[in-house]
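What the coordinates show
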Amino acid sequence: MHRYLNPTPLYLSMDTSINNAGGSANDKILCKVCLSEKVIKHGRSINRSRTHYRQQYQCRDCGAHFASEEIPLVQAPAAYISKPVPPQNWSAYALAQNNEKLMLMGMLAELSEILQVEEINRVGRPRADLHEMVFCIAMKTYTRLSSRRLISDLEIANKMEYISHTPHFTTIMKYFGEEEITPVLQELIRLSSLPLKQIETDFAVDSTGFSTSQFGRWFDYKFGKEKEHRVFLKSHVMVGVKTNIVASVEITTGNSADCPQFIPLVNSTARHFSVKEVSADKAYSARKNLEAVDSIGGIPFIPFKKSSNSRGLGCVMWRKMYHYFKDHKLEFLEHYHKRSNVESTFNMIKQKLGGSLMTKSFTAQKNEILAKVLVHNLLVLIQEYFEQGLEVDLPTEAQKIGAINVVW
């Protein structure tokens, strides 16, 4: 049995305390009416302050009901043991921020050159260079400028030889909406997370919304008036809890459920990471999700809903984790609360790269979110380079997983 599923109890059972008035657990209980020894336990009643309880009994001879005196509850300690917070290396943080933009442009150029592009003959004007379009899309996402104001930054990148020429601002927006860009960005996100695969073993899953400039309208017959709401897209991510790197991502519409995206995220991450723990909230509490984590050798720390029971229905991990959740809740929550790091990741992305989308079509909005995640991963690598001395060699990581072939 895994060490996290150790059956040793954390606290004493109430049955080990005194269970009758003035006697020990080995004393016989006699009926208070007929003095019969055929007495069975019939539940407990706990006082309002939840500090004491009375053991209820029933006599099998005369049927009388009676209770013991108040018995103190023996509970697990509720005090939270605070953990030391590591100090911030402000000098390394300042260096990372000062060199962030220059290093980002270099890493984007390096990433785009990894792509193995197979150009096919098309009717009409020749397409723009894919490497440079990926660079321009990522830079527009990072700077949060309009396509017209971005041209100055691209002129600087052109002089630094990161791109061969500066594209027209309408060309950048056109390729935001290209469906062929979507799988390219997803592969680059996966590649940008690989330098941290030796560090990250515990992961957290959640989703967040990115608002658009569009509104959905409908007529409410109950109130007799038209209503509207802002349309948004959902980003489902699986992040490492130590560095906040995004290992895999899925983009859906705003009304899509979270639970069906769990297994694709887990399987995508397990391709290149050693997954030991996966934390997620109750929205992902399903037997198939626990089985998916168990199948890759990890342990799912997903809390159970009030309506859940211990019946595994063929899922052994469901039954094990249910009893672990009920019997060792403090230990369970210690692992589960690693999930809060995914909220930190969402905050990092939205604070630096914005929580709203500037594009209009669904494909363009999807690519914009993927570009935000890609830039976030590269910024995490830059931060780890200065703070932890991480060696970032993306071409070497690309050779390990094979070439990224793109038909363009």
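Residues numbered from 1 in each chain as written. Predicted model: local features only at pLDDT ≥ 70, side-chain atom pairs only at ≥ 80, totals over all residues. Heavy atoms only, no water.

Side note on the overall build of the protein chain
Counting its regular elements, the protein chain contains 13 helices and 11 strands. Relative to its full complement of 408 residues, the protein chain shows a buried share of 45%. Sequence separation of at least 24 residues holds for 63% of the intrachain contacts in the protein chain that already meet a minimum separation of 6. For the protein chain, the accessible surface area stands at approximately 22100 Å², while carbon and sulfur atoms represent 50% of it. (Helix = DSSP H or I, 4+ residues; strand = E, 2+ residues; numbered from the N terminus. Buried < 20%, exposed > 50% of the residue type's maximum accessible area, 1.4 Å probe, protein only. Contact = heavy atoms within 4.5 Å. Areas by Shrake-Rupley, 256 points an atom, 1.4 Å probe, with all protein chains shown as cover.)

Quick look at the packing of aromatic side chains
One pass over the full model with this rule turns up 13 aromatic pairs. Pairing Phe-325 with Phe-332 gives two aromatic rings, centres 5.0 Å apart and planes at 75°, and the pair type is edge-to-face. Grouping aromatic residues by their ring pairs yields a cluster made of Phe-301, Phe-304, Trp-318, Tyr-322, Tyr-324, Phe-325 and Phe-332. Between the NZ or CZ atom of Arg-287 and the centre of the ring of Trp-318, over which it lies, the distance is 4.3 Å. Directly above the aromatic system of Phe-210 lies the positively charged group of Lys-350, at a separation of 5.3 Å from the ring centroid. (Phe/Tyr/Trp six-rings, centres within 6.5 Å; stacked < 30°, edge-to-face > 60°. Lys NZ or Arg CZ within 6 Å of the ring centre and 35° of its normal.)

Some details on helix H7 (residues 262-270)
What H7 keeps buried is the set Phe-262, Leu-265, Val-266 and Thr-269. Projected onto a plane normal to the axis of H7, the buried residues spread over an arc of 95° and lie on a single side. (Arc of directions from axis to C-beta.)

Description of the nonpolar core
In terms of nonpolar packing, the biggest core is built from 93 residues, with Phe-135, Phe-262 and Met-321 touching the most fellow members. For Phe-135, the contacting residues outside a window of four places in its chain are Met-105, Leu-108, Ala-109, Leu-154, Ala-157, Tyr-162 and Ile-163. Of all hydrophobic cores here, the second largest spans seven residues; its members include Val-39, Tyr-57, Cys-59 and Phe-66. (Core = buried A, V, L, I, M, F, W, Y, C linked by side-chain atoms within 4.5 Å.)

Let's talk about the confidence of the model for the protein chain
Averaged over all residues, the pLDDT of the protein chain equals 85, while 89% of them reach at least 70. For the protein chain, per-element mean pLDDT is lowest for strand S11 (residues 404-407), which scores 73, and highest for strand S9 (residues 277-279), which scores 96. (pLDDT = per-residue confidence, 0-100.)

Details of the pattern of salt bridges
Two side chains carrying opposite charge are able to pair once their charged atoms lie near each other. Across all of its chains, the model carries nine salt bridges by this definition. Glu-178 is the salt-bridge partner of Arg-127, the closest N and O atoms lying 2.9 Å from each other. With Arg-127 in the loop between strand S5 (115-118) and helix H3 (130-143) and Glu-178 in the loop between helix H5 (169-176) and helix H6 (181-193), this residue pair connects regions lying 51 residues apart in the sequence. Residue classification places Arg-127 among the partly exposed residues on the basis of a relative accessible area of 23%. Notably, a salt bridge pairs Lys-234 with Asp-258, separated by 2.9 Å at the nearest N-O pair. One end of the pair, Lys-234, is in strand S7 (residues 225-240); the other, Asp-258, is in the loop between strand S8 (246-253) and H7, and 24 residues separate them in sequence. Residue classification places Lys-234 among the buried positions, given a relative accessible area of 15%. When its relative accessible area of 15% is taken as the criterion, Asp-258 is described as buried. Each of Asp-202, Glu-277 and Lys-338 takes part in one network of salt bridges that share partners. (Salt bridge = Lys/Arg side-chain N within 4 Å of Asp/Glu carboxyl O.)

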